[in-house]
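# Report on the structure
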Amino acid sequence: MLTVKQAAVRVGVSPSLVYAWCREQRLPHYRMGREGKRGQIRINPADLDALMKSLRQDCHPLLADVR
């Protein structure tokens, strides 16, 4: 399980963006801690990889020859 900071480093974004993904429910996560407390967020690396894959934008076929 990754912390928010570790997840951010792994994909090259800021921790605040990872928090936003969690808040927006785009990134599945676990909240560890006592009831009534905010707790610490932990992220499964497979869930992070799946989100990154879903965000991928492929090049338009007509632009592929330009490269």
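Residues numbered from 1 in each chain as written. Predicted model: local features only at pLDDT ≥ 70, side-chain atom pairs only at ≥ 80, totals over all residues. Heavy atoms only, no water.

### Things to note about the confidence of the model for the chain
- Of all residues in the chain, 93% have pLDDT values of 70 or greater, and the mean over the chain is 90.
- Model confidence for the chain, summarised as mean pLDDT per element, is weakest for strand S1 (residues 30-32) at 92 and strongest for helix H1 (residues 4-11) at 98. (pLDDT = per-residue confidence, 0-100. Helix = DSSP H or I, 4+ residues; strand = E, 2+ residues; numbered from the N terminus.)

### Concerning the pattern of salt bridges
- Going through the model one piece at a time under the given rule, you end up with three salt bridges.
- Among the ionic pairs, Asp-49 bridges to Arg-10, the shortest N-O distance being 3.1 Å. Of this pair, Asp-49 sits in helix H3 (residues 45-55) while Arg-10 sits in helix H1, placing them 39 residues apart in sequence.
- According to the relative accessible area criterion, Asp-49 is partly exposed, its value standing at 37%.
- Among the residues examined, Arg-10 registers a relative accessible area of 45% and is labelled partly exposed.
- Across the pair Arg-56 and Asp-58 runs a salt bridge, and its minimum N-O distance is 2.9 Å. Of the two residues, Arg-56 and Asp-58, neither departs from the other in class, the shared state being exposed. (Salt bridge = Lys/Arg side-chain N within 4 Å of Asp/Glu carboxyl O. Buried < 20%, exposed > 50% of the residue type's maximum accessible area, 1.4 Å probe, protein only.)

### Comments concerning the nonpolar core
- Core analysis: the largest hydrophobic core is formed by twelve residues, namely Leu-2, Val-4, Ala-7, Ala-8, Val-18, Trp-21, Cys-22, Leu-27, Ile-41, Ile-43, Leu-48 and Leu-51.
- Breaking this core down by element, the ones donating at least two residues are H1, helix H2 (15-23) and H3.
- The residues contacting Trp-21, other than those within four sequence positions of it, are Val-11, Val-13, Arg-26, Leu-27, Leu-48, Leu-51, Met-52 and Leu-55. (Core = buried A, V, L, I, M, F, W, Y, C linked by side-chain atoms within 4.5 Å. Contact = heavy atoms within 4.5 Å.)

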